[in-house]
2 protein chains.
Amino acid sequence: MKGELLIVGTVAYDTIETPSGKREKVLGGSGLYASLSASFFSNSFLFSTVGYDFKDEDLDLISKKNINVNHIKKLKDEKTFYWEGSYLKDLNNAETKKTELNALLKFETSLPASLRKIPYLFLANIDPELQKNFLNQMENLAFVALDTMNYWIETKRDEIFSLFDKITFLFVNETELKLLSQENNLYSGALKLLNMGLKGLVVKRGEYGSVLFYNDRIAVCPAYPLDKVIDPTGAGDTFAGAFVGYLAKEGLFSFHEFKKALKWGTILSSFCVSDFSIDALMRLTFYDLAKRILEFEEILI
Amino acid sequence: MKGELLIVGTVAYDTIETPSGKREKVLGGSGLYASLSASFFSNSFLFSTVGYDFKDEDLDLISKKNINVNHIKKLKDEKTFYWEGSYLKDLNNAETKKTELNALLKFETSLPASLRKIPYLFLANIDPELQKNFLNQMENLAFVALDTMNYWIETKRDEIFSLFDKITFLFVNETELKLLSQENNLYSGALKLLNMGLKGLVVKRGEYGSVLFYNDRIAVCPAYPLDKVIDPTGAGDTFAGAFVGYLAKEGLFSFHEFKKALKWGTILSSFCVSDFSIDALMRLTFYDLAKRILEFEEILI
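Residues numbered from 1 in each chain as written. Chains lettered and ligands numbered in written order. Predicted model: local features only at pLDDT ≥ 70, side-chain atom pairs only at ≥ 80, totals over all residues. Heavy atoms only, no water.

With that settled, the discussion passes to the sheet that holds strand β7 (residues 82–86) of chain A. Residue and element names in this part refer to chain A. Read from one edge of the open sheet, four strands run β3-β2-β7-β8, paired in mixed fashion. The open sheet terminates on both sides in strands that have one partner only, identified here as β3 (21–28) and β8 (95–100). The sheet shows a mean angle of 15° between the axes of neighbouring strands, direction not considered. The sheet contact formed by β7 and β8 spans five bridges and is antiparallel. Within β8, the residue paired with Ser-86 across the bridge is Glu-95. (Pairing = 2+ DSSP bridges. Helix = DSSP H or I, 4+ residues; strand = E, 2+ residues; numbered from the N terminus. Axes fitted to C-alpha atoms, helices over the stretch in contact; angles between N-to-C directions.)

See the structure below:
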């Protein structure tokens, strides 16, 4: 149904340290950031698996947004995925201090029938084999976006390549693109992937914005100017969530709409990084969004 | 007179090594790159000083473009400024292998009366004290752009600050901005300089484009997508030359025109880096320019 979006990804507890401070065991995870962001546009169904320590009040918090949380499975014998990272050395790159996969090791692999018919799918960063498993269960796909990360590129490169002909857009950051394409230049790297059968590609460049490729067309989008970044965690997932959420809402599928989706991704992620964890996204209003998109339009060339 | 632009800067012989090859003693210098770029828009008067080894055929080459070379002084007892740099380690940052100041040590300091009346001035990267000397000789200034570099920021910071209230735009790259402002964020750094009395600022970010500040307004401009950079030498000077050259040609002075000037800077520098030395700029036609600006418009968001 138009306006419905399935997001498969992690829900986590993060401990984050940045030059602005430290937060312990706060809400995080690729699926959660993407869903919150998408929820400004679409009805997001978040499919994930958490542990017995996942707090009911946290689930309540999420469910107050435009997110269906009925398919977040709670395991009795595992804790929730836990990640500890520091941005003290480099605000653009997290240094991982600790990763406890916990519930991710027993991630639920079977989609209920009701979710299989949703036409818009965002596969946030999880094991590419799991991503393929979910892709294969979908029955009515119009659009698939897929995110990944260095770890999977290094260990399951071919698995990622094998998904290329099944997805509409791949989301990677610039480092991941160079690693995946084994090219040192963004554009030559992107062209290499497109020549391998990838249809669409969005390269996230943090404070430098993003570049979108679709067939033989390109769009470049600058970042929203920020004079302070508090916590970059989840910015990429937030970007992708807004991008897919907007397209799912509109049910439109054209280069012109992709450009608008890029703008929404830019704006949502600019809010995401302005506070720790999901705090800024939780506070965000449509008025804030409308105000910033207007400011963004003014600074565009 | 409208359409006239004075450029003060260096003319040099460079030896350049990049992943694409090596060129020995080829034409270079901040003043030369800026003049060539500006010459597509304005009548540029290039004020510079070279040595006895500067070849007549090189002067002929330059003079065939829309550049007045009558004020390039040739010294009898010095050689031309010589710079040797390598981009083998990092295509974005030159490693200086050798610098022989030569003629720069005896740079002519007095402007002839005819040049003092030109309303548009670009002070390419030279000693800030020399830049001030030239500024003080001008009689009819409408617009001044000024470029500088790390070396001057480290050794003559206050001298640069003292020029802030005399110039329309400062051109720096991102590293220079952070060094000059002592801020780690582009936007907080820019705001700090603007609060010190600087009116306009253009921050060049290489492959990430540029950001313009003028009073309380901002414009962000992506770079033109290139899948290969041959030689980045002179890209910043080429950018500034086109920016100032366009404004001098139009004689217009508005934020809207500044945005267009940014685009021209972007396009001209994208050609500059596509070959060694000034080779691409020498070959460049108006048709090439028009074609690329149209392609650029299409990829903008």
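From this point, the discussion proceeds with the structure in view.
This part covers the packing of helix α9 (residues 235–250) of chain A against helix α10 (residues 255–272) of chain A. If you want to describe how two helices pack, look at the angle between their axes and the distance between the axes. Residue and element names in this part refer to chain A. For the pair α9 and α10, the least separation of the axes is 7 Å and the interaxial angle reads 140°. Taken together, the axes of α9 and α10 lie oblique to each other. Of the two possible hands of crossing, α9 and α10 adopt the one that is right-handed. Contacts from Ala-235, Thr-238, Phe-239, Ala-242, Phe-243, Tyr-246, Leu-247 and Glu-250 in α9 reach Glu-257, Phe-258, Lys-260, Ala-261, Leu-262, Trp-264, Gly-265, Thr-266, Leu-268, Ser-269 and Cys-272 in α10. (Parallel < 35°, antiparallel > 145°, perpendicular 65-115°, else oblique. Left-handed = near helix turned anticlockwise from the far one by under 90°. Contact = heavy atoms within 4.5 Å.)

This part takes up the interface of chain B and chain A. At the junction of the two partners, chain B supplies 24 residues and chain A supplies 24 residues. Across the chain B/chain A interface, buried area totals approximately 2400 Å², and carbon plus sulfur atoms make up 59% of it. It is B:Tyr208, B:Val220 and B:Ile301 in chain B that bury the most area against chain A; as a group they hold 31% of the surface buried on that side. Counting the contacts that link chain B with chain A gives two salt bridges. For B:Glu207, the salt bridge is made with A:Arg205, and the minimal N-O distance between the two is 3.4 Å. For the interface between chain B and chain A, the tally reads 12 residue pairs in polar contact (both at pLDDT 80 or more). For the side of chain B that touches chain A, the secondary structure elements donating two or more residues are α8 (186–195), β14 (217–221), α10 (255–272) and α12 (286–299) of chain B. Looking at which element gives the most residues to the side of chain B that touches chain A, the answer is β14(B), with four residues. Grouping the amino acids of the side of chain B that touches chain A by side-chain chemistry returns 14 nonpolar, two polar and eight charged. (Buried area = accessible area lost by both parts, 1.4 Å probe. Salt bridge = Lys/Arg side-chain N within 4 Å of Asp/Glu carboxyl O. Polar contact = N/O pair within 3.5 Å; in protein donor to acceptor, adjacent residues only side chain to side chain. Nonpolar A, V, L, I, M, F, W, Y, C, P; charged D, E, K, R; others polar.)

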